[in-house]
Amino acid sequence: MKLLKLVPDNTNIDFMRWRNVAMILSTLLTVASLVLVGVRGLNLGIDFVGGQVVRATFAQPVDIEDLRGRIDGLGVGEATIQEFGNDRTYQIRLPRPEGPETASNEIVSKVRTFLPQEYPGAVVSAGESVSGKVSGELAWDGALAITFAMIGIALYIWFRFEWQFGVGALLTLFHDVSMVLGFFSLTQMQVDLNIVAAFLAIVGYSLNDTVVIYDRIRENMRKYRKMEIVALLNFSLNETLSRTIVTSLSIMLALAVLLALGPDVLFGLTLAILLGTFIGTYSSIYVSAPALVWLGLKPDSFLRSEDEEAGLGNPA
Amino acid sequence: MLDFPKWKVWAVSLAILLGIVLAVPSLFPKATVEAWPSWAPKAQINLGLDIAGGSQLLLEADVADAAKQRLAAMEDQVTTELRRGEPRIQIGDVSTSGGRLSFVVRDPTQLDMAFERMRTLTQPVGLTGARDWEVSTVDGNRIVLTPTASGAETALRNSLTVARDVVRRRIDPGGTKEITVINQGARRIFVQVPGVEDPEALKALIGQTARLEFKLVALDADPAQVAAGRAPPGAQILQMADGTGPIAVQRRVMVSGEQLVDAKQSFDQDGRPVVSITFNAAGARRFGRVTQENVQKPFAIILDDKVLSAPNINEPILGGQAQISGNFTVESANALAVSLASGKLPVKLNVIEERTVSAELGADSIEAGTIASVFATLAVIGLMIVTYGRFGVYASLALLVNAFLILAVMALFNATLTLPGIAGFVLTIGAAVDANVLINERIREELRRGRKMLDALETGYKEASTAIFDANITNTIAAALMLFFGSGPIRGFAVVLLIGIITSVFTAVNFTRMLVSLWVKSKRPRTINI
């Protein structure tokens, strides 16, 4: 059987030739993403800002404006209504009320009983309310989880490799997460706790990719002690190229299937991870490797420590 | 490559077999599994509420209410102690304003004695010698009891433990449903009830403190004064539960819900729903005496500071059985009966977070999730086989075994699978490929470099393992930190990821190595196509 070779044997692509172009592009996009998030903001779900969401399926499609008007009559605040999955299911979001922490769940009760009365055959399939207090804590928890995950990872890489690799990995992560955040700001897709799980998955995947490439760079630095750093990076990237492509393709394939066939509730989560995988693949080549050059990694970085070890074992 | 010892083949096969056996129950509906013979494994993965449908509430203790109740209880203790103890100490001007309890000792010579007796009412908190109340004297004749912060904290913690059990009894009096009621931190209770799609009844049940009290109506009260909210000495103004206005009742609790042993919904002689209650021996005696002494006087039945009704005592009630009347429906009488039978909540609980998902929506989600998982796995398997041939088949087998192992471990630890967990599952399937890809690519490379087949296989596995190790350790760190610091969906995701990392490394490295080794040993191929 003739096997499929996604990447031909012995490629010799000069990745590093475009490293400055790529770095400028990446920097621009990262800055643009952060500015976008700063100016336009993120569409934070009730998990992070508090409020109420009710999802209902109606007997037939309803006029959104009319529905909004009727809910307005309840005096529960201005509703944001979106289609959800199909043209008969809507997600109704209401702002967090002023007053006591308990006011939030009372609004859900009100809307829950109101809809079937007003629209015969309407079925409420989900209702959520998060008070201001809880949402603040959830946001803090999410931020804490991401921050500690990144710090923990950087420390490990620093410990296993050299400090340049730790910083390089952090820069790569920062790049990937900023870009996905920028995407969410641009599309104004809702960011809820599920999306935080997606960010953590992106962090995990991006890291996986980066570490595999770093691992090969470290191996080659030990093997080819005299090779110039840029050439060595190019060589390592070419060696791992086939693996990078096959793995990324498998994961993206799996995610694309989940995006197309998976439940609607998972759409945002899956899209974020898919995008993150794509960006992560790019950045493992064009951010994590060039970063090592800028951070001043020298071909003898690993040599020195091994010489020292050798010296200890062999006193002259 | 040939050195894969027999014992290891047995160990790996056994582990995988065990995994598959443990995973099987999770693939069938619960009812089917329960009908299996007793020796069959039955542990299943818990489905999260977002998948199975149900309600989830986060309750928080009302700290202000807790403080108020604690103060009221202290007032009771103080008056009883000074009135009952020897010698009696006359007090006056009792006040509970500003969160403190203060009173004037009528006879100044008794001040020191009163002070000492107050000291005996306080309890030590912790090991530092601090007490739950601070007793002090002001103006030479007034004693002030101030709750200490650590005392209030301890009291809140204790009442939350009691509250947790009360909530459990109220939601599930029979103790048969699979509900989760756990304390979260110092002032919260987390409640999860699968299958309940309308949380309103749940909230009504929990929202009731169910503090039941019987007090005599203050007959000497002037109606005009009562309407203005002013109570005569020794009395207090309460609202009627049906909204018919204020009523004056004596402050003194004659009988309270603490002396109940049972409560049931029933009907009175006119067929109206009521709640029948049964007192314990002490309660029955007390109820009998009070009703004997106050025949033809109205007796107020008070629930959570609202007067349900104030019927006249027609005759002494001696058997320890009584009826609570009010404007009940069968449902509300039943709810009150459940609340009373489960005991009063020691502290008011507020709902600060609520999530409900209907079972249909959950079923749709899990169906879509399952279909997507199957097709995602098939797509990856297809790609593996066209890329690596026989080694792709081995990698695919490893993927399938990996999926079973994840299910098995989750069932074993009774872990909960949530929607983000499904995403984690699919991601793990994708990422599990990576280890196989690393190994296979490395074998290709070594062959290209001119190594002999066996040597290339050996080196491929050996050299790839460093990268696999580093990549998975970093992910383990990330998953562990998410599990530790994250909440809700983040943890659901992290659990699956963490389990998936362990099982995928095992299957990708050990299992495929075993398959390759067995193949090489039995067929003795001269070349390999990879």
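Everything discussed here concerns the structure shown above.
Trainee: Help me understand unusual backbone geometry in this model?
Mentor: Peptide bonds are, in most cases, trans, and in most cases residues other than glycine have a negative phi. The backbone of Asn10 of chain A shows a phi angle near 50 degrees, a positive value even though the residue is not glycine. Residue classification places Asn10 of chain A among the exposed residues on the basis of a relative accessible area of 63%. Positioned with a positive phi, Asp139 of chain B is a non-glycine residue whose angle comes to about 55 degrees.

Trainee: Any chance you could explain a positive patch on the surface here in plain terms?
Mentor: A surface patch of like charges, here positive, comprises Arg83, Arg84, Arg88, Arg252, Arg285 and Arg289 of chain B. Structurally, Arg83 of chain B is set in helix H4 (residues 63-84).

Trainee: Even after reading the chapter, I still don't get the nonpolar core, so can you show me in this structure?
Mentor: The nonpolar side chains of a soluble globular protein tend to be buried, and buried together. Counting 145 residues, the largest nonpolar core has Ile157, Phe165 and Ile217 of chain A together with Phe391 of chain B as its most contacted members. Residues within four places of Phe391 of chain B in sequence aside, it is in contact with Asn440, Ile443, Leu457, Val516, Trp519, Ile528, Asn529 and Ile530 of chain B. Of all hydrophobic cores here, the second largest spans 26 residues; its members include Leu216, Ile277, Phe279 and Ala322 of chain B.

Trainee: Help me understand the packing of aromatic side chains in this model?
Mentor: Each aromatic ring pair is characterised by the separation of its centres together with the angle its planes make. Inspection of every chain in the model, using the stated rule, returns 20 aromatic pairs over all chains. Summarising the aromatic geometry, the rings of Phe15 of chain A and Tyr286 of chain A are spaced 6.2 Å apart at their centres and angled 70 degrees between planes, so their arrangement reads as edge-to-face. Highlighted residues: Phe15 of chain A in the segment before helix H1 (19-40) and Tyr286 of chain A in helix H9 (residues 267-286), separated in sequence by 271 residues. The residues Phe15 of chain A and Tyr286 of chain A share a single accessibility class, namely buried. An aromatic cluster is present here, built from Phe214, Phe279, Phe287 and Phe299 of chain B joined pairwise through their rings.

Trainee: Could you clarify how one ought to interpret the pairing of strand E11 (residues 212-216) of chain B in this entry?
Mentor: Walk down a regular strand and you will see the side chains alternate between the two sheet faces. All names here are of chain B. Burial of E11 is extensive: 5 of the 5 residues sit out of reach of the surface. Residues Leu212, Phe214 and Leu216 line one face of E11 and the alternating positions Glu213 and Lys215 line the opposite face, and both faces are buried. In terms of strand pairing, E11 meets strand E17 (residues 299-303) through 5 bridges, oriented antiparallel. Residue pairing for E17: Phe214 is matched across the bridge by Ile301. One ladder, built from 2 bridges, connects E11 with strand E14 (residues 255-256); its direction is antiparallel. Each residue of the ladder has a partner; that of Glu213, found in E14, is Ser256.

Trainee: I keep staring at the packing of helix H7 (residues 193-223) of chain A against helix H8 (residues 229-261) of chain A and nothing clicks. Help me out?
Mentor: Two packed helices can be described by the angle between their axes and the distance between those axes. Residues and elements named next belong to chain A. In the contact formed by H7 and H8, the axes pass within 9 Å of each other and the chain directions differ by 150 degrees. With respect to each other, H7 and H8 are oriented roughly antiparallel. The way H7 lies across H8 gives a crossing that is right-handed. Here Tyr205, Asn208, Asp209, Val212, Ile213, Arg216, Ile217, Asn220 and Met221 of H7 come into contact with H8, specifically with Leu232, Leu233, Phe235, Ser236, Leu237, Glu239, Thr240, Arg243, Thr244, Thr247, Ser248 and Ile251. When its residues are assigned to classes, the contact of H7 with H8 shows 10 nonpolar, 7 polar and 4 charged.

Trainee: It is not clear to me how a nonpolar patch on the surface should be interpreted in this structure. Could you clarify?
Mentor: Residue and element names in this part refer to chain A. On the surface, a cluster of nonpolar side chains totalling about 590 Å² of accessible area is made up of Ile151, Leu155, Trp158, Trp163, Val167 and Leu171. Sorting the residues of the nonpolar patch by element identifies helix H5 (132-160) and helix H6 (163-187) as the ones contributing at least two each. Tracing the backbone through its elements, the reader meets Ile151 in helix H5. On the basis of relative accessible area, Ile151 is assigned to the partly exposed category, the value being 45%.

Trainee: Explain the pattern of salt bridges to me, please; I cannot follow it from the model alone.
Mentor: Pairing between side chains of opposite charge can happen when the charged atoms of each approach one another. A full pass over the atoms with the stated rule returns 45 salt bridges over all chains. Taking the shortest distance from any N to any O, the salt bridge between Glu128 of chain A and Arg355 of chain B comes out at 3.1 Å. With Glu128 of chain A in strand E5 (residues 123-130) and Arg355 of chain B in strand E20 (residues 349-357), this residue pair bridges two chains. Its relative accessible area of 16% is what places Arg355 of chain B among the buried residues. A salt bridge links Glu446 of chain B to Arg451 of chain B, with the nearest nitrogen and oxygen atoms 2.6 Å apart. The exposure class assigned to Glu446 of chain B is buried, which follows from its relative accessible area of 1%. Classification of Arg451 of chain B by relative accessible area gives partly exposed; the value is 36%. Through salt bridges with shared partners, one network takes in Arg216, Glu219, Lys223 and Glu239 of chain A together with Arg442, Glu445, Glu446, Arg449, Arg451, Asp455, Lys462 and Glu463 of chain B.

Trainee: Would you mind showing me how to read H7 of chain A here?
Mentor: Since the α-helix packs 3.6 residues into each turn, any two residues three or four apart lie on the same face. Residues and elements named next belong to chain A. Over its 31 residues, H7 extends 45 Å from the first C-alpha to the last, a length consistent with the 45 Å expected when each residue adds 1.5 Å. For H7, the buried fraction is high: 29 of the 31 residues fall into the buried class. Residue Asp192 occupies the N-cap position of H7, its side-chain oxygen lying 3.1 Å from the main-chain nitrogen of Asn194.

Criteria and thresholds
Residues numbered from 1 in each chain as written. Chains lettered and ligands numbered in written order. Predicted model: local features only at pLDDT ≥ 70, side-chain atom pairs only at ≥ 80, totals over all residues. Heavy atoms only, no water. Buried < 20%, exposed > 50% of the residue type's maximum accessible area, 1.4 Å probe, protein only. Patch = residues over 30% accessible without salt bridge, like charges linked within 9 Å, V, L, I, M, F, W, Y side chains within 5 Å. Areas by Shrake-Rupley, 256 points an atom, 1.4 Å probe, with all protein chains shown as cover. Salt bridge = Lys/Arg side-chain N within 4 Å of Asp/Glu carboxyl O. Lys, Arg positive; Asp, Glu negative; His and termini not counted. Charge placed at Lys NZ, Arg CZ, Asp CG, Glu CD. Helix = DSSP H or I, 4+ residues; strand = E, 2+ residues; numbered from the N terminus. Core = buried A, V, L, I, M, F, W, Y, C linked by side-chain atoms within 4.5 Å. Contact = heavy atoms within 4.5 Å. Phe/Tyr/Trp six-rings, centres within 6.5 Å; stacked < 30°, edge-to-face > 60°. Pairing = 2+ DSSP bridges. Axes fitted to C-alpha atoms, helices over the stretch in contact; angles between N-to-C directions. Parallel < 35°, antiparallel > 145°, perpendicular 65-115°, else oblique. Left-handed = near helix turned anticlockwise from the far one by under 90°. Nonpolar A, V, L, I, M, F, W, Y, C, P; charged D, E, K, R; others polar. Expected span 1.5 Å × (residues − 1). Polar contact = N/O pair within 3.5 Å; in protein donor to acceptor, adjacent residues only side chain to side chain.

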